[in-house]
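Examining the three-dimensional arrangement
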Amino acid sequence: MTNLQFLSITLNDYRQYKGEQKIDLQIRNDRHINVIEGQNGAGKSNILNSITLCFYGTEEHLKDEKEGGLETFPLVNRDRLEELDEDETAKGYVEIELGENEPEYVFKREFTTVKTSSGFSSTIGDLRLQRRVNRDWKPVDNPHTYLNEILPTRVHEYFLFDGERLHEFFEEGYPERVQTAILDVSHIELLNRSLDHLEKMDTEIGRKASNFEGEAKRLKNQLDEKKQEREQKKERKQELEANIAEAESKITGIDNKLRDSSDAAVREKQERRKYLNDRLDQLEDEIDNLKEETTEEMVQAAPIIYNLKALEYTHEQFAELAQTGQLPPKIQDWFVQELLEKGECICGANLDSDEKKRQHLAELEQEMSLVMQENLEGKAEIPRIIDDGQDSLRRIIENRRKISERQTELDNVDVELRDISNELKNYDLPEDVDVSSLESQRSEIEDRITEMSQEIGRVDQQIETLTEKIDDLDEEWRDEAAKEDKHRRLMKKLDFVEEASEEISEIKQTILAQIRENTEENMNQYFNDLIWKDEDYTVELGENYTVSVYGKHGDNKIGSLSAGEKQVLALSFMSALTKISGFNAPIVIDTPLGRISSKPKKRIAQNLPTYLKDTQITFLMTDEEYTDDVRARLQNSVANEYQLEYLNEVTEVKKV
Amino acid sequence: MNKSDVNSLILEHVDKIENDNKRQFINEILTFERSKMDREQPHFKDEYDELIEKYMSDPE
Amino acid sequence: MSDTDPDVEYEDTDAGRDVIVDDQAREYYDTLVEEEDSPFYGVQRIDLFMFALGYGKKRAGQVTQGSGRNALFNRPSLSEQQEWIIKSVATYEERDPQVLRDEKQVYQIAQEYARGGIEELHNLYIRPGDSFSELTTDLVQLGQDFYDFEE
């Protein structure tokens, strides 16, 4: 892997930079950092602009007038322009040398400003490239093709960027920005195009398909309507979820503030509240489980218990039968059998000679057998059933007792939580943290979260209902449509296209997951490299592109990062992206430490040398950032140091 | 990951598709798209339509 | 046996005598064999074609030919081994050895992979870095994975 660096940047009559000024940026050995220091307005940001002007023909970081330009200001240095008469032109250029250790590419872009009657007008020339082949320099016909392999437009803003804009990156709505960035560096344009085109085909085929007469058309229209409705519901749900996430992070922020409060009593109450909330969750779970168990028992027990009387009665009947059946149940059977064989009944009747009697006895035997069977079974079984019922009932009673116990505890916990909240609301101690108002905010936000959660529940229901309806309609429509021969084919086409789309989508997701994983790994490293705290942090990048920053207690700090910490997070994200992109270009950062207060600034500066050790980094800093302290800490890693001297609207680059 | 790494992954995954019609269809779509990457908004409908007709499975 | 529709019949065709590339590809081939600092400096175009075919299969994907017709080399110059590689690519592509009856298609498949490959190779060359070293490392790694031995 090669590591390209900016060997030099030459500005010729570019904005404040009068004449030819060459800035040597070559790094060597351990010193991989360049610093260009200048006050605001001295043309610091225009150095970044000169690079993008040269490469891409645009200046992307135009600041206020002092920095030499609203877009309407001429590109060529104003002093130079003073020398011009009307209709005369002056040229300037930006030239950049790139290479690993020696110049291998020289990019150059000229620009021209003409003095008109009404002012000045500038035009930008074409990009030119010279390439070193062995010892010769050869012009290149297609410089953009080469630039595309070095640092294409699509990813350049992750290598050349304005540190001051960075702090906005992780503000509200950041997951979308994170997703876009990752898509930018992921090289999956091919898949995106395919998916895009397949979708368009899907729409078109669907449209042709809806040119049905009658029933099929009506169904299709209905279907489309419902689908749209569902989309809207889904959007609403996403909105709510995002709002809840934001609200929760606000609460986390408030909790952190309360917890860090200098008042011991407040801290204690926060701790207690946390414990109680956990206990609340636990109790609710236990109650749910017990209720479930109880339900099972009840289902078993109910038929028994509702019919106890009937059961008892039947059992009694069998018992009686056994008793009044003249003979003990077991004996009756074989006794009758013997009588039949002997041929004599106990009543004395001669059974042999009396066929009827014999028959009578035989029937009796039959009948008795049956009854005996039922008797025996029923007699043994019913008591068992009744016993089972009793056991179930005992368990039900026990469960109810347990539920009641927990419910009581739960009620008490609720009361105590309310008390704590009220106490904190009424807190009157003067301190740097306004406990009372924080607590009120907290309650309000919690209420809002509850409301929104409820709405999500409703919307979910609606979505479910709609999905059922949609599935039904879809089936109806396809059935109706398939009936017509000519449209059968369209339906098949639709299926085919949709299947292919799914397949490609899956591939895309797999690749993106890998890229997210790689990005997360890198972010972790860089964040920990830069952050000035002693503990180790874990940065996670979720499937939905949310970022979590876990401290050593396992708490997610993303909602409560300071401005400086957010800056570090954003910086580590940017660097992770540069690594993922596969391009090994150098990095230029304008105002990297702008938002950071002095103490963390020193600590970051201390860590800067280890940050992206293998890449050339050029910092454009104000004097407020590049304090003596920072300078001292960076000293051993700085290869080239410059100061921008701004006098009479002209900037000179002076080597330090 | 640089571009050829991503390309490799895409090729690997497509290769694994068992259904011949689907795999070949997707292959041809990707081949087409690769050839048009330098264009902002290429014409695609005719080509796609042709490919869909070609690889759609026969009715059962 | 493939699970392709058994009704798919391959026509018996012959491919043309020359292997043709479009104008853009022609430039790529020229650059890569003529520039001194190219890893393929001095290599025969036919051999570069085979390299591009493999590279395209693994790291680029098929690309259809653009405009212009330029003969790169003639088919009879291909060695037997090179021919068999081309045939295997097509057979695997179609999951059906029957495709070999359709010589035109066999070579079209090879062409499209080579077309994708040559463009990526050109990009690799342009890109800063030691493309030669990158290519050799890539090959060694793939070989090791497959043959399961250490270098």
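Analysis parameters
Residues numbered from 1 in each chain as written. Chains lettered and ligands numbered in written order. Predicted model: local features only at pLDDT ≥ 70, side-chain atom pairs only at ≥ 80, totals over all residues. Heavy atoms only, no water. Buried < 20%, exposed > 50% of the residue type's maximum accessible area, 1.4 Å probe, protein only. Helix = DSSP H or I, 4+ residues; strand = E, 2+ residues; numbered from the N terminus. Contact = heavy atoms within 4.5 Å. Buried area = accessible area lost by both parts, 1.4 Å probe. Salt bridge = Lys/Arg side-chain N within 4 Å of Asp/Glu carboxyl O. Polar contact = N/O pair within 3.5 Å; in protein donor to acceptor, adjacent residues only side chain to side chain. Nonpolar A, V, L, I, M, F, W, Y, C, P; charged D, E, K, R; others polar. Core = buried A, V, L, I, M, F, W, Y, C linked by side-chain atoms within 4.5 Å. Expected span 1.5 Å × (residues − 1). pLDDT = per-residue confidence, 0-100. 1 Å grid on protein atoms, 1.4 Å probe; cavity = no way out; pocket = protein on both sides within 12 Å on 5 of 7 lines; lining within 4 Å. Points joined across faces, edges and corners; volume = space filled by probe spheres on them. Phe/Tyr/Trp six-rings, centres within 6.5 Å; stacked < 30°, edge-to-face > 60°. Lys NZ or Arg CZ within 6 Å of the ring centre and 35° of its normal.

All names here are of chain A. In this structure, histidine 187 takes a positive phi of about 60° despite not being glycine. Using a relative accessible area of 11% as the deciding quantity, one classes histidine 187 as buried. The backbone of threonine 591 shows a phi angle near 55°, a positive value even though the residue is not glycine. Summarising the element assignment, threonine 591 is placed in the loop between strand E11 (587–590) and helix H16 (598–607).

So, on to the interface of chain C and chain B. Contact with chain C, which involves 20 residues of that partner, is made by 19 residues of chain B. Each partner contributes to the roughly 1,600 Å² buried at the junction of chain C and chain B, and carbon and sulfur atoms together form 32% of this total. By the criterion of area lost to chain B, the three top residues of chain C are Arg59(C), Gln62(C) and Arg95(C), representing 28% of everything that side buries. The tally of links from chain C across to chain B stands at 2 salt bridges. Counting across the interface, chain C meets chain B through 12 residue pairs in polar contact (both at pLDDT 80 or more). At the level of secondary structure, the elements contributing two or more residues to the side of chain C that touches chain B comprise helix H2 (45–59), helix H3 (80–94) and helix H4 (103–126) of chain C. It is H2(C) that provides the largest number of residues to the side of chain C that touches chain B, a total of 5 residues. Residues of the side of chain C that touches chain B, tallied by class, amount to 4 nonpolar, 6 polar and 10 charged.

A few words now on the nonpolar core. Among the nonpolar cores identified, the biggest contains 175 residues, and Phe55(A), Phe107(A), Phe170(A), Val547(A), Leu569(A), Phe25(B) and Tyr29(C) are the most heavily contacted of them. Residues in contact with Val547(A), not counting those within four places in the same chain, are Phe170(A), Tyr174(A), Met523(A), Val539(A), Glu540(A), Leu541(A), Ile558(A) and Leu569(A). Ala247(A), Val266(A), Leu424(A) and Val435(A) belong to the second largest nonpolar core, which has 24 residues in total.

Turning next to the interface of chain A and chain B. The partner chain B presents 33 residues to the 34 residues of chain A that form the contact. Three residues stand out in chain A for area buried against chain B, namely Leu190(A), Arg193(A) and Phe496(A), and they jointly supply 23% of the buried area on that side. Viewed at the interface, chain B and chain A are joined by 5 salt bridges. Taking the shortest distance from any N to any O, the salt bridge between Lys22(B) and Glu503(A) comes out at 3.0 Å. In this structure, the connection of chain A to chain B is made through 9 residue pairs in polar contact (both at pLDDT 80 or more). Listed by contribution, the elements that provide at least two residues to the side of chain A that touches chain B are helix H7 (189–209), helix H14 (485–530) and helix H15 (563–581) of chain A. Taken together, the residues that form the side of chain A that touches chain B break down as 15 nonpolar, 9 polar and 10 charged.

All names here are of chain A. Relative to the 18 Å expected for 13 residues at 1.5 Å per residue, helix H1 (residues 44–56) spans 19 Å between its end C-alpha atoms, a close match to the ideal helical length. Summarising burial for H1: 13 of the 13 residues are buried, a large majority. Just beyond H1, the residue with positive phi is glycine 57, at close to 75°.

All names here are of chain A. Position of valine 547 among the secondary structure elements: in strand E10 (residues 547–550). Take valine 547: its relative accessible area is 1%, and that puts it in the buried class. Residues valine 547 and tyrosine 174 lie 373 residues apart in sequence; the distance between their C-alpha atoms is 8.8 Å.

Residues and elements named next belong to chain C. For chain C, per-residue confidence averages 84 on the pLDDT scale, and 89% of positions sit at 70 or higher. Of all secondary-structure elements in chain C, the lowest mean pLDDT belongs to helix H5 (residues 131–147), at 73, while strand E1 (residues 18–21) reaches the highest, 95. Overall fold confidence for the complex sits at a pTM of 0.68, while the interface term, ipTM, reaches 0.95.

Summed over the entire model, instances satisfying the criterion amount to 2 cavities of 30 Å³ or more. Estimates place the volume of the largest cavity at around 40 Å³. Taken together, Val21(C), Ala25(C), Tyr29(C), Phe49(C), Gln65(C), Gln111(C), Ala114(C), Arg115(C) and Ile118(C) make up the full set of residues lining the largest cavity. Counting residues per element, the ones that place at least two in the lining of the largest cavity are helix H1 (23–34) and H4 of chain C. The greatest single-element share of the lining of the largest cavity, amounting to 4 residues, is contributed by H4(C). A breakdown of the residues in the lining of the largest cavity according to their chemical character gives 6 nonpolar, 2 polar and 1 charged. Estimated volume of the second largest cavity: approximately 30 Å³. Surrounding the second largest cavity, Leu4(A), Phe6(A), Phe55(A), Leu98(A), Ile150(A), Leu151(A), Ala585(A) and Pro586(A) form its lining. Taken together, the residues of the lining of the second largest cavity break down into 8 nonpolar, no polar and no charged.

For the rest of this paragraph, the subject is the packing of aromatic side chains. Overall, the coordinates contain 15 aromatic pairs over all chains when judged by the stated rule. Geometrically, the ring pair formed by Phe496(A) and Phe25(B) is tilted, given 4.7 Å between the ring centres and 55° between the ring planes. Of this pair, Phe496(A) sits in helix H14 while Phe25(B) sits in helix H2 (residues 20–35), placing the two residues on different chains. In this pair, the class of Phe496(A) matches that of Phe25(B), namely buried. Linked through ring pairs, Phe6(A), Phe55(A), Tyr56(A), Tyr105(A) and Phe107(A) together constitute an aromatic cluster. One residue, Arg516(A), lies across the ring of Tyr545(A), its end atom 5.2 Å from the ring centre. Sitting over the ring of Tyr92(C), Arg95(C) keeps its end group 4.2 Å from the ring centre.

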